[in-house]
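Understanding the architecture of this molecule
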Amino acid sequence: MLNLNRSDEALAELDVAALIDSDDAAVRTCRAEALSRLRRWQAAIAELDIALRMNPDDPSAWSLRGAVNLELGRWSDAESDCTRALALGAGHADAWKTRGVARYRLGLLEAAVADFTQALSLSADNAETLYRRGLALRDAGDNHRAVADFTAAITLYERYTEAYVARGKAYANLGDMSAARSDWALAAQMLHQSH
């Protein structure tokens, strides 16, 4: 059984598998996943390009390539890859969340909110997705809903420093400087305790 939690060992096993059967798209996709866990983004993209030439209908390969493109700052490519993955039936929350982040980075705030909402419908207890939807809502001017999302993220992960900072900004946008200062003070305290 391949253990992707030990990516370096998994990659070595997958290298052997690729030598045995270099035409197996699934092996290429698994290698790309191991490479991405090792933060070897360009190598992961190269493996995914090969895998997708072999099997262009693999939603997991498209989704993974979207996530890697996101790490590389290629927002349009990430958005396009995840759109393709979702069209092919990748119904998992990660594809929706990745596309939401890409759309947020592209300034498509309403579309990003919709994607994060879809991701949350599949995985409601995801603090990061709540935080990211809160950012998109706040940047779109919907500070009340943003505060609710940041609060939900903090409820799931009490030491979510970024969520306190972001909620403070949303409170400030609403004119509640007392609540904003309180959140920023808590965030500063958490940062100080972590050093």
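Residues numbered from 1 in each chain as written. Predicted model: local features only at pLDDT ≥ 70, side-chain atom pairs only at ≥ 80, totals over all residues. Heavy atoms only, no water.

**Some thoughts on the side chain of Asp-81**
Operational definition: By definition, any uninterrupted DSSP run of H or I lasting at least four residues is a helix, any uninterrupted run of E lasting at least two residues is a strand, and each is numbered from the N terminus. Throughout, a contact is declared for two residues whenever any of their heavy atoms are within 4.5 Å.
With respect to the element layout, Asp-81 can be found in helix 5 (residues 75-87). Excluding anything up to four places from it in sequence, Asp-81 contacts Trp-62, Arg-65, Gly-66 and Asn-69.

**Quick word on unusual backbone geometry**
Among all residues except glycine, the phi angle is most often negative; among peptide bonds, the trans geometry is most common. Our working rule: A 1.4 Å probe rolled over the protein chains alone gives each residue an accessible area, and that area as a share of the maximum for its type sets the label: buried under 20%, exposed over 50%, partly exposed in between.
Residue Arg-39 is not a glycine yet carries a positive backbone phi of 65 degrees. Mapped onto the secondary structure, Arg-39 falls in the loop between helix 2 (25-37) and helix 3 (41-54). In this structure Arg-39 comes out as exposed when scored by relative accessible area, which is 57%.

**What about the packing of helix 2 against helix 3?**
For the record, the criterion: Each axis is a line fitted through C-alpha atoms, taken for helices only over the stretch in contact, and angles between the N-to-C directions span 0 to 180 degrees. Relative orientations are named as follows: roughly parallel for angles under 35 degrees, roughly antiparallel for angles over 145 degrees, roughly perpendicular for angles from 65 to 115 degrees, and oblique for any other angle. By convention the crossing between two helices is left-handed if the near helix lies anticlockwise of the far one by an angle smaller than a right angle, and right-handed if it lies clockwise. Gly is put with the polar residues, along with every residue not named as nonpolar or charged; the nonpolar set is Ala, Val, Leu, Ile, Met, Phe, Trp, Tyr, Cys and Pro, and the charged set is Asp, Glu, Lys and Arg.
Taken N-terminus to C-terminus, the directions of helix 2 and helix 3 make an angle of 165 degrees; their axes are 8 Å apart at the nearest point. By the angle between their directions, the pair helix 2 and helix 3 is classed as roughly antiparallel. Between helix 2 and helix 3 lies a crossing whose hand is left-handed. Where helix 2 approaches helix 3, its residues Ala-25, Arg-28, Thr-29, Arg-31, Ala-32, Leu-35 and Ser-36 are matched on the opposing element by Trp-41, Ala-43, Ala-44, Glu-47, Leu-48, Ile-50, Ala-51 and Met-54. Its residues assigned to classes, the contact of helix 2 with helix 3 shows 10 nonpolar, 2 polar and 3 charged.

**Some words on the nonpolar core**
Inclusion rule: By nonpolar core is meant a set of buried Ala, Val, Leu, Ile, Met, Phe, Trp, Tyr and Cys residues that side-chain atoms within 4.5 Å join together.
Grouped together as the largest cluster of nonpolar side chains are 31 residues, with contacts concentrated most on Tyr-104, Tyr-131, Leu-135, Ala-136, Phe-150, Ala-153 and Tyr-160. Considering each element in turn, this core owes the most residues, 6 residues, to helix 8 (residues 127-139). Excluding its chain neighbours within four sequence positions, the residues that come into contact with Tyr-160 are Ala-127, Glu-128, Tyr-131 and Ala-153. Counting residues in each nonpolar core, the second largest holds 18 residues, with Ala-32, Leu-86, Ala-95 and Trp-96 among its members.

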